[in-house]
Every structure is written in structure tokens, then in C-alpha cells.
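# Secondary and tertiary structure notes
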Amino acid sequence: MPLLRTSMYAKGIEIYCAPTADSGDKWVSTMTHVAMEGGCYVLSPIQFCRRKDYPYPPKYLYSPSEEFVTYDSDSIIWAGGSVIISPHGEVLAGPNYEGEGLFTADLDVRGEIPKAKFKFDMVGHYSRPDILNLTVNNRPLVPVIFTSSPCKSKDKDGECKDI
């Protein structure tokens with residue numbers, strides 16, 4: 001999704017929301033990268049679920065090995081890890097792996113985003129449009145286009161002759 005992010009950065013995104021079911025240190029690193037790359041705040045809400053949050057039965061397999069499967073209603077299925085990250089890569093809140101929760105952070109959009117973009121603005125002073133650029137067609141399009149020509153004559157069964 002780097003090209004999608006690039007187009008969002010070019011539109012001046014200030015708060016990038018990345019909800020996911022992923023979690024862990026690697027995801028926090030990815031979100032830190034996105035925040036610094038885009039010079040924007042990143043909010044990444046990640047689901048936290050226990051076994052009791054899912055229907056029972058059927059018995060779902062939650063680990064790669066049968067020996068670790070547990071059907072205890074309090075066992076953790078998705079560990080969470082929601083996080084808020086500044087444009088400088090600083091973790092402002094989270095990651096939360098303790099359970100369901102709500103946390104907040106003060107986002108200084110007018111102050112911190114210009115500072116971050118002064119250091120690195122991938123679609124501004126740091127870009128090289130003479131060498132590489134991205135063209136985004138943001139006009140609404142239909143999902144299916146039929147390019148065959150209309151039938152000019154039909155046979156006795158009503159089928160097109162010229163197609």
C-alpha cells in the first residue's frame with residue numbers, strides 16, 4: 001500500500017487511521033514508519049478479544065498446534081496493541097495489550113506536523129518529480145465496462161451474427 005499512502009500524503013493527510021487485527025512489536029514499528037514517512041499522526045486501533053467473545057461451538061483452532069488450543073472463556077484470542085504515534089515516531093499512547101481500553105493523546109497538528117515535514121516531506125521538498133511521479137485517477141469509475149459493439153443483425157434464433 002505504499003502508493004496509496006503516497007497519494008494520501010500528497011493530499012495533506014494529518015491523521016492516518018490504520019485499524020487492524022494485527023498486533024505486536026512489528027506492527028508498532030510499521031505504524032512508526034508510516035507516521036515518520038507521512039509526517040502525520042497515526043491512530044491504530046487493534047481488536048482485543050477473549051474466547052467468550054466468539055460463538056461456541058464450533059470449536060475454533062486458535063493456534064498452529066492442537067496442544068496449545070484452549071477453550072477457556074477468558075483465554076485471549078486477539079491481544080490488542082492499539083497505539084497512537086506522533087509524526088516524529090514517538091509513541092504517544094499504547095500499545096495496550098492488557099485488555100479492552102480507551103486512551104487518548106493530545107495531537108498538536110498545527111505545531112508538530114510542519115516540524116516533521118521540515119525534516120522529511122516525501123511529497124514535498126524531498127521528492128524528485130523530475131525523476132519519479134505518481135498519477136492517481138480519482139474520478140469515479142464503474143467496476144465493469146462492456147466494450148463489444150451492439151448487435152447489428154440477428155439470426156433466426158435471436159443471436160448476434162456479427163459478434
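Residues numbered from 1 in each chain as written. Predicted model: local features only at pLDDT ≥ 70, side-chain atom pairs only at ≥ 80, totals over all residues. Heavy atoms only, no water.

With that settled, consider the environment of Leu 102. Within the fold, Leu 102 resides in the loop between β6 (91–96) and α3 (109–119). On the basis of relative accessibility, which here comes to 82%, the residue Leu 102 falls in the exposed class. Sequence separation between Leu 102 and Pro 45 is 57 residues; the distance between their C-alpha atoms is 9.8 Å. (Helix = DSSP H or I, 4+ residues; strand = E, 2+ residues; numbered from the N terminus. Buried < 20%, exposed > 50% of the residue type's maximum accessible area, 1.4 Å probe, protein only.)

Okay, the side chain of Glu 37 next. Along the chain, Glu 37 turns up in helix α2 (residues 25–38). With a relative accessible area of 15%, Glu 37 lands in the buried category. Side-chain polar atoms of Glu 37 contact the side chain of Tyr 9, separated by 2.6 Å. Aside from chain neighbours lying at most four places away, what touches Glu 37 is Arg 5, Tyr 9, Phe 120 and Met 122. (Polar contact = N/O pair within 3.5 Å; in protein donor to acceptor, adjacent residues only side chain to side chain. Contact = heavy atoms within 4.5 Å.)

Residues other than glycine predominantly adopt negative phi, and peptide bonds predominantly adopt the trans conformation. For the bond from Gly 94 to Pro 95, the omega torsion is -5 degrees, close enough to zero to count as cis. As for its placement among the helices and strands, Pro 95 is situated in strand β6.

Within the open sheet, the 4 strands sit side by side as β1-β2-β5-β6. Their pairing is mixed. The open sheet is flanked by β1 (15–17) and β6, the only strands paired with a single partner. Neighbour-to-neighbour, the strand axes of the sheet open up by a mean angle of 15 degrees, direction not taken into account. Here strand β5 (residues 82–85) pairs with β6 via 3 bridges, running antiparallel. Looking at the pairing, Ile 84 lines up with Ala 93 of β6. The strands that α2 touches are β1, β2 (41–44), β5 and β6; relative to β2, the one it contacts most, it runs at about 150 degrees. (Pairing = 2+ DSSP bridges. Axes fitted to C-alpha atoms, helices over the stretch in contact; angles between N-to-C directions.)

Any link to function would need more than the numbers given here.
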